Amino acid sequence: MSRSARPPSHASFLGRARFSSGPIAHSAGNSPSKTGNRNKIGGPPPYGRVGVDAALAASSSSAAKPTLFEREFSLADRVALVTGGNRGLGLEMAMALAEAGAHAVYCVDLPEKASEEWTTVKEYLGRMQGKAGEGRLEYISADVRDQDRMWKIGEMIGDREGRMDVCVAAAGILKPHTDCLEYPAKQFQEVMSVNVNGVLFTAQAAGRQMDRFGNGGSIVLIASMSGTITNRDQHWVSYNSSKSAVKQMTRSMACELGPKRIRVNSLSPGYIYTSMTAAYFDKHPHLIEVMSKSSPLGRIGRPDELRGVVTWLASDASTFCTGSDILIDAGLHAW
Ligand SMILES: NC(=O)c1ccc[n+]([C@@H]2O[C@H](COP(=O)([O-])OP(=O)(O)OC[C@H]3O[C@@H](n4cnc5c(N)ncnc54)[C@H](O)[C@@H]3O)[C@@H](O)[C@H]2O)c1
């Protein structure tokens, strides 16, 4: 459906500007007398009244309405692409986006058919009450290493939905402990081609559509704390190098895409119990204790502990944030 053919959106009902993180010379929502020089070129773009501005503008007799969750954090009307969305952190984050009101969240992953877990989440979202949008999950089978296919998926979503607002590149792989001096070329290449090339192709697929529709957008690349620190006693040279590359890809893309109001940030989780880490923990159970003790909070994480941060990064609540890496690792990097 084309954008113009769509019924009035929840976002327009809220009077919310479409992504407005770039420099705009003029303010529609703020009175010049209150904002002074703020709205000159390079000043902050208008967003309408929220926070202190809303409080100061309200008459003492009008009702005071909270906006933080209904507006800044709301993804009402937004369309998202999430890779690795069939399970684990990708599915958890796809669900969070839908719950925050996204109109449609397209999950891309390898299996031909979506998992039972994914189907159950889709059905659960369908029954969820009081969510801001339709929260529709869609599943597409594809390999993120296939650039042509990823771009076509982006185009298909753009054609169908008339927009693209959010991208979460979560597909990734980890290979078993292998000494760096013996690391085989083929295995190194395998990790790089999913964790680096695949992340780039995903960001391109979504970013090209964000550029096409001109509303800006938010791209979240899933890196890892292993792109910043080295996991003690774990011989993961390919994984660690790939995640460092994702962090630099984030900064590079953020700088190129800032003028198009497309924000690019990376999210770097610490140890979280998912199928990826379970394969490791189940073989070496003592590692759960070792890894738990390695952080100030003294524990590993749950996938749901990324729901808040991904919604923040995807939404207007983070419109001044780009080119950043957000570490969510129980403080492990702080030792
Ligand atoms: N779990 C953790 O502790 C942890 C910590 C830091 C970073 N991460 C990162 O988070 C992301 C998700 O990890 P997870 O723990 O949910 O792992 P997971 O193995 O449960 O999920 C990864 C998903 O990516 C998909 N995938 C793999 N290769 C693909 C390809 N070529 N094309 C399309 N999809 C592909 C898999 O099928 C799987 O569904 C990964 O990038 C991982 O490196 C995980």
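- Where an unreviewed UniProt entry is consulted, the protein appears under the name Sorbose reductase sou1, with the organism given as Laetiporus sulphureus 93-53.
- In its Sequence similarities (unreviewed entry) section, the UniProt entry covering the protein states "Belongs to the short-chain dehydrogenases/reductases (SDR) family."

## Considerations on the overall build of the protein
Phase 1 of the analysis: Counting secondary structure elements, the protein contains 12 helices and 7 strands.
Phase 2 of the analysis: Looking at the protein as a whole, 42% of its 335 residues qualify as buried.
Phase 3 of the analysis: Looking at the protein alone, contacts between residues at least 24 apart form 76% of all its contacts between residues at least 6 apart.

## Structural notes on unusual backbone geometry
Phase 1 of the analysis: Its identity is not glycine, yet Asp77 carries a phi of approximately 85 degrees, on the positive side.
Phase 2 of the analysis: With respect to the helices and strands, the residue Asp77 is situated in the loop between helix H4 (68-72) and strand S1 (79-83).
Phase 3 of the analysis: Phi at Arg261 is positive, roughly 60 degrees, even though this residue is not glycine.
Phase 4 of the analysis: On the secondary structure map, Arg261 appears in the loop between helix H9 (237-257) and strand S6 (262-269).
Phase 5 of the analysis: Looking at Arg261, the number of C-beta atoms within 10 Å reads 23, which means it is buried.

## As for the environment of Cys321
Phase 1 of the analysis: Mapped onto the elements of the fold, Cys321 is located in the loop between helix H12 (307-314) and strand S7 (325-328).
Phase 2 of the analysis: Residue classification places Cys321 among the partly exposed positions, given that 15 C-beta atoms sit within 10 Å.
Phase 3 of the analysis: For the pair Cys321 and Ala254, spaced 67 residues apart in sequence, the C-alpha separation works out to 9.8 Å.
Phase 4 of the analysis: Setting aside anything within four residues of it in sequence, one finds Cys321 in contact with Arg263 and Asn265.

## Some words on the packing of helix H5 (residues 88-99) against helix H6 (residues 116-127)
Phase 1 of the analysis: One can describe the packing of H5 onto H6 by two numbers: an axis separation of 11 Å at closest approach and a directional angle of 10 degrees. Taken together, H5 and H6 sit at an angle that is classed as roughly parallel. Each of Leu91, Met95 and Ala98 in H5 lies in contact with H6, whose residues at this interface are Glu117, Trp118, Val121 and Leu125.
Phase 2 of the analysis: In terms of residue class, the contact of H5 with H6 is built from 6 nonpolar, no polar and 1 charged.

## Observations concerning the nonpolar core
Phase 1 of the analysis: Membership of the largest hydrophobic core comes to 71 residues, with the highest contact counts inside it found for Ala80, Leu97, Val105 and Val168.
Phase 2 of the analysis: For this core, the leading source of residues is helix H8 (residues 185-213), giving 10 residues.
Phase 3 of the analysis: Those residues within four positions of Leu97 in sequence are excluded, and the remaining contacts are Leu75, Ala80, Ala102, Val105, Val166, Thr311 and Ala314.

## A word on the site of the ligand
Phase 1 of the analysis: Looking at the ligand, there are 27 residues lining it, with Gly84, Gly88, Gly172, Thr274 and Met276 nearest.
Phase 2 of the analysis: Elements with a contribution of two residues or more to the shell around the ligand: H5, H8 and helix H10 (275-283).
Phase 3 of the analysis: When the residues that make up the shell around the ligand are grouped by side-chain class, the tally is 12 nonpolar, 11 polar and 4 charged.

## With respect to helix H7 (residues 147-161)
One turn of an α-helix holds 3.6 residues; hence residues three or four places apart share an orientation.
Phase 1 of the analysis: An ideal rise of 1.5 Å per residue puts 21 Å on 15 residues; H7 measures up with 21 Å between its terminal C-alpha atoms.
Phase 2 of the analysis: Residues Met150, Ile153, Gly154, Ile157, Gly158 and Glu161 constitute the buried set of H7. Along the axis of H7, the buried positions cluster into a sector of 135 degrees, meaning they face one direction only. Residues of H7 that are exposed and point over 90 degrees away from its buried face: Asp148 and Asp159.
Phase 3 of the analysis: For H7, the elements touching its buried residues are S1, strand S2 (104-109), strand S3 (136-141) and H8.

## Overview of the pairing of S1
Phase 1 of the analysis: The buried count for S1 comes to 5 of 5 residues, which makes it a mostly enclosed element.
Phase 2 of the analysis: Residue alternation in S1 divides its side chains into two sets, Val79, Leu81 and Thr83 and Ala80 and Val82, and both sets are buried.
Phase 3 of the analysis: Pairing between S1 and S2: 5 bridges, direction parallel. Bridging from a neighbouring strand, Ala80 pairs with Val105 of S2.
Phase 4 of the analysis: Assessed by its sense of winding, the connection that carries the chain from S1 through H5 to S2 is right-handed.
Phase 5 of the analysis: Both S1 and strand S4 (residues 166-169) contribute to a ladder of 4 bridges, which runs parallel. What sits directly across from Ala80, in S4, is Val166.

Calculation notes
- Residues numbered from 1 in each chain as written.
- Predicted model: local features only at pLDDT ≥ 70, side-chain atom pairs only at ≥ 80, totals over all residues.
- UniProt positions renumbered as here; feature names shortened; annotations may be inferred.
- Helix = DSSP H or I, 4+ residues; strand = E, 2+ residues; numbered from the N terminus.
- Buried ≥ 20, exposed ≤ 12 C-beta atoms within 10 Å, placed from the backbone.
- Contact = placed C-beta atoms within 7 Å.
- Axes fitted to C-alpha atoms, helices over the stretch in contact; angles between N-to-C directions.
- Parallel < 35°, antiparallel > 145°, perpendicular 65-115°, else oblique.
- Nonpolar A, V, L, I, M, F, W, Y, C, P; charged D, E, K, R; others polar.
- Core = buried A, V, L, I, M, F, W, Y, C linked by C-beta atoms within 7 Å.
- Near = placed C-beta within 6 Å.
- Expected span 1.5 Å × (residues − 1).
- Arc of directions from axis to C-beta.
- Pairing = 2+ DSSP bridges.
- Right-handed = clockwise from strand over helix to strand, strands pointing away.

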